[in-house]
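A look at the structure
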Protein chains: 2
Amino acid sequence: MALPTSVRRRVSAIPSAARGGLALGPLLSVTGILLLMLAAAMLVPMLADLAVGHPDWQVFAASAAATAFFGTALVLANRGSGLEALTTRQIFVLTTLVWTAVSLFSAVPLALSGLGLSLADAVFEAVSGITTTGSTVMIGLDYAPPGVLLWRAILQWLGGIGIIVTGVAILPVLSVGGMQLFRSESSDRSEKVLPRSAQIASAIGGLYVTLTLACVLVYWQLGMDLFDAAIHAMTTVATGGFSSHDASIGYFQSPAIEWAAVVFMAAGGVPFVLYLQAVHGRPYALWTDIQVRWFFAILLGASLLLTIWLVRELDKPVFEALRSAAFTATSIMTGTGYASTDYGQWGTFPIILLFFLKCVGGCTGSTTGGIKIFRFVVLYKVARIQMNRLVQPNGVFIMTFNGRAIAEEAAISVMAFFFLFALTFTAVAGLLAALGLDYLTAMSASVTALANVGPGLGPIIGPAGHFGALPEAAKWVLSAAMLLGRLELFTVLVLFTPLFWRG
Amino acid sequence: MALPTSVRRRVSAIPSAARGGLALGPLLSVTGILLLMLAAAMLVPMLADLAVGHPDWQVFAASAAATAFFGTALVLANRGSGLEALTTRQIFVLTTLVWTAVSLFSAVPLALSGLGLSLADAVFEAVSGITTTGSTVMIGLDYAPPGVLLWRAILQWLGGIGIIVTGVAILPVLSVGGMQLFRSESSDRSEKVLPRSAQIASAIGGLYVTLTLACVLVYWQLGMDLFDAAIHAMTTVATGGFSSHDASIGYFQSPAIEWAAVVFMAAGGVPFVLYLQAVHGRPYALWTDIQVRWFFAILLGASLLLTIWLVRELDKPVFEALRSAAFTATSIMTGTGYASTDYGQWGTFPIILLFFLKCVGGCTGSTTGGIKIFRFVVLYKVARIQMNRLVQPNGVFIMTFNGRAIAEEAAISVMAFFFLFALTFTAVAGLLAALGLDYLTAMSASVTALANVGPGLGPIIGPAGHFGALPEAAKWVLSAAMLLGRLELFTVLVLFTPLFWRG
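Residues numbered from 1 in each chain as written. Chains lettered and ligands numbered in written order. Predicted model: local features only at pLDDT ≥ 70, side-chain atom pairs only at ≥ 80, totals over all residues. Heavy atoms only, no water.

Next up on the list: the nonpolar core. A:Trp151, A:Tyr219, A:Leu432, B:Trp151, B:Tyr219 and B:Leu432 are the most contacted members of the largest nonpolar core, which totals 349 residues. Beyond its immediate sequence surroundings of up to four residues, A:Tyr219 is in contact with A:Met224, A:Ala229, A:His232, A:Ala233, A:Thr236, A:Ile257, A:Ala260 and A:Ala261. (Core = buried A, V, L, I, M, F, W, Y, C linked by side-chain atoms within 4.5 Å. Buried < 20%, exposed > 50% of the residue type's maximum accessible area, 1.4 Å probe, protein only. Contact = heavy atoms within 4.5 Å.)

Turning chain A through 180° and shifting it by 0.0 Å along the axis lays it on chain B, with an RMSD of 0.0 Å. Both chain copies can therefore be described as sitting about a two-fold axis. By residue overlap, the copies meet face to face through one surface: 98% of the interface positions of chain A are interface positions in chain B. (Least-squares fit on C-alpha atoms with pLDDT ≥ 70 in both.)

Of all residues in chain A, 93% attain a pLDDT of 70 or more, and the chain-wide mean is 89. Taken as a whole, residues 1–19 of chain A scores under 50 in pLDDT and shows seven contacts with residues more than four places along the chain or in a different chain. (pLDDT = per-residue confidence, 0-100.)

It is worth spelling out the environment of A:Thr307 at this point. Residues and elements named next belong to chain A. One can find threonine 307 in helix 12 (residues 290–314). The exposure class of threonine 307 is buried, given its relative accessible area of 8%. With 17 residues separating them in the primary sequence, threonine 307 and serine 324 have C-alpha atoms 7.9 Å apart. Apart from residues lying up to four places away in sequence, threonine 307 is in contact with Val318, Ala321, Leu322 and Ala325. (Helix = DSSP H or I, 4+ residues; strand = E, 2+ residues; numbered from the N terminus.)

What follows covers the interface of chain A and chain B. Residue-level contacts link 53 residues of chain A with 52 residues of chain B. Carbon and sulfur atoms supply 79% of the area that chain A and chain B bury against each other, a total of about 4500 Å² over both sides. Counting the contacts that link chain A with chain B gives two salt bridges. In this structure, the salt-bridge partner of A:Arg389 is B:Glu409, at a minimum N-O distance of 2.4 Å. On inspection of chain A and its partner chain B, the count reaches 10 residue pairs in polar contact (both at pLDDT 80 or more). (Buried area = accessible area lost by both parts, 1.4 Å probe. Salt bridge = Lys/Arg side-chain N within 4 Å of Asp/Glu carboxyl O. Polar contact = N/O pair within 3.5 Å; in protein donor to acceptor, adjacent residues only side chain to side chain.)

Moving on to the environment of B:Asp121. Residue and element names in this part refer to chain B. Inspection of the secondary structure puts aspartate 121 in helix 6 (residues 119–130). Here the alpha-carbon distance between aspartate 121 and glycine 178, two residues 57 residues apart in the chain, equals 34 Å. Look past the residues within four positions of aspartate 121 in its chain and what remains in contact with it is Val137, Glu472 and Lys475. Only 2.7 Å separates the side chain of aspartate 121 from the side chain of lysine 475, close enough to count as a polar contact.

What follows covers empty space enclosed by the protein. Tallied over the entire structure, the rule returns six cavities of 30 Å³ or more. One number sums up the size of the largest cavity: a volume of about 1000 Å³. As for the largest cavity, its lining consists of 35 residues, and the residues nearest its centre are A:Ala422, A:Phe425, B:Phe418, B:Ala422 and B:Phe425. Mapped by element, the contributors of at least two residues to the lining of the largest cavity are helix 14 (348–360), helix 15 (373–391), helix 16 (408–434) and helix 17 (439–450) of chain A together with helix 15 (348–360), helix 16 (373–391), helix 17 (408–434) and helix 18 (439–450) of chain B. Class assignment of the residues belonging to the lining of the largest cavity gives a composition of 33 nonpolar, two polar and no charged. (1 Å grid on protein atoms, 1.4 Å probe; cavity = no way out; pocket = protein on both sides within 12 Å on 5 of 7 lines; lining within 4 Å. Points joined across faces, edges and corners; volume = space filled by probe spheres on them. Nonpolar A, V, L, I, M, F, W, Y, C, P; charged D, E, K, R; others polar.)

The structure is reproduced here in structure tokens:
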């Protein structure tokens, strides 16, 4: 039976969002606000270049103006969109949209500066910054103008707080890859995502600034000049890894600075909400958390194994071996990617161990990358229960995570993440190999991008090399891979499923 | 309150099995029977060596006598043990026990023969045979006595039917790594495992012999002599890969033989119960099975990609490229491991693709190794449903496998298998690296052993090399890895959990 014409008209008058379409207004509005913040951040390197009289200040001024213009336009054009009531689908689109837009606008000053970067180079460097990966296409950092160096560090620093907020406020609501384990009772309503994000950003922001300032102070006291100290503090706490020297932290030749970096990188690998709890009178939260325990256990174990290897196989003095081992293990596992030495020369066993650490990553809710510790915890518990169930098929076994039971649904979700990680890793490595990269370069570039670590392996992109020599197409592939990895794969890939757009 | 003495006495009179201990009698008895069969098999190479007058016939005679003696002793010492009522725990022990014992006794003639193999060599070669892996420590195969060559082929042939029976009758009952998906209503009682195994062995045995004879005939018609045809037919159908020539199938320089091998290797990768169904009037079972469809889809896709690569990058003529590609992809994916050419020289992309195919493997219930197609099917379905659930958190999605719903429990079990595979792979590769092997050798040896494929990569263990040059310790590690892989990890590893022995 056909509907009367009047009813049909009324149906088509319902806004598209309610019929399964997607209202983009509020999403564009939020993107606009973040672009305005980004434009404000561009004023810092502008001032730095002005101070030393480098002409690049005009590049930053122009980029800030353009970014601010776009941001304002987006905000104004979408005034009055209800910000508080987002659907899950809108949040998926918003998350990918914001990270992509911010990455692209961050690339503008890099592309326009006098460094001679191609568009692919500039986007790669910006994405590597925002995602706190730390792979670089630039050499001659020691002679680069201060504005560009500062901008790279600021990108990582902003990306660091960005991923903390995304990990605490947004991904648990989206339930990607088992993140539903981190939902609190008060926070699992998708409508409240934006106010809650702002609230968390401001609560954690203060801590993040304090930790960064402490790191500046320590680096400065240990012999860096104030500019280097500021840059390295920002990229240490964000576990990003950009340096102002081609030789990375190795430039300073200072054991004390390396140990300080170990401490602050590790501090960046801990969930920041635990610091918040510690400050609010619950310091024990820091050492009862299962992610933190596993994180430090793995870090310690790996450092010791590496130390033994360095002493036995490469005849290094014990203390030097311990320092190199702890520094490298922490740098790789937290996804910072600083190098104090060319660990690509250490031999096979360290390479395999570091490859494994890269994949593991740090705690969720921190600035680190990788698959994340909590997924390994869940996987371990699943495997143990599987074993038990083989022996006692009718036994009742309950998995817990920080004292709460893990739903089977969440366990499956975690394991699906591993599968997707392996598949994406293979696909990216295969794509890079098809573009002509050699085995070691293709494999290590794929994992270092997806896990947001930084350096790869081998002579081209290893700790002593850089990504500038790769073909342009490989840089685009890796830029996409870094964003995919940062947003935990599912968040982006779900946008490519037909069901998503059918609503 | 203490029990009265009389009660306590009665409790301790209960046989240990009932109190959670493990009655070994029936397990040893079954092992004894299988050793008797193995001893009978040793008479074949004995006759071959007698026929050509090679003194090794005495080695086989002595080994057969020793094996038969042990077998008889085990059977006699455990007479009257109830064979029909095994518990799940007993079956776990039995499976590992039988495969280990048969491997070790198979090594005896190899160790005693005039080939100068060390104990580690002989055990490695025997395990590689029984598990249908096909890695070899021997060179100079072209001049080896017929008895030894025949024995290696027989080991793979027996191992092939052994793993089919294990996969169809035993692993589904044990539920290792999602194998519960292959339980039929009539078969999920653990007590009936042994009679059912015998029944399946005899039903499938006829088919297995027929397929092998067909393969002998084809190889013979295409130009092999009857001895080579018999040996290669046994190792083709068992997807084992041992050859009687150092150059493997490449020795024959015959495109027709290579294509024939492709057909029979692929035939060995299909679940043998489907052949049984086809013979009993349900041929459509062969092409409606989801494992078979995925198997051929992946095989075809990989062959085409390799062909394109060979034509474009290495300028091979199209038909030669297609043949090399199809042969290598089928040989690697089914875990046969024959080489028609040194594909280690093809470049990075083929290496990554072949590495992936190695991990995938063939269908469960066939003679192939690897993770197995059905686990990838389940994983794919889980990932797809995860994606859908992200979009519609309250939607109802049902996963099916060959038309039957997949329980969440089975899905978790499958995913735990992937985790364990990755972990075991990393552990074995790390161990090999610590023993001094280089990166490519350690990584590829680990995966080739666990997936029961055969050759590795690189100059030492690649398709043009062999495993003889590895350190003794590495051979022991790899022997263990091959058995672990063949028994789907869990079956062996569960024996090392405390709960297993607490009962």
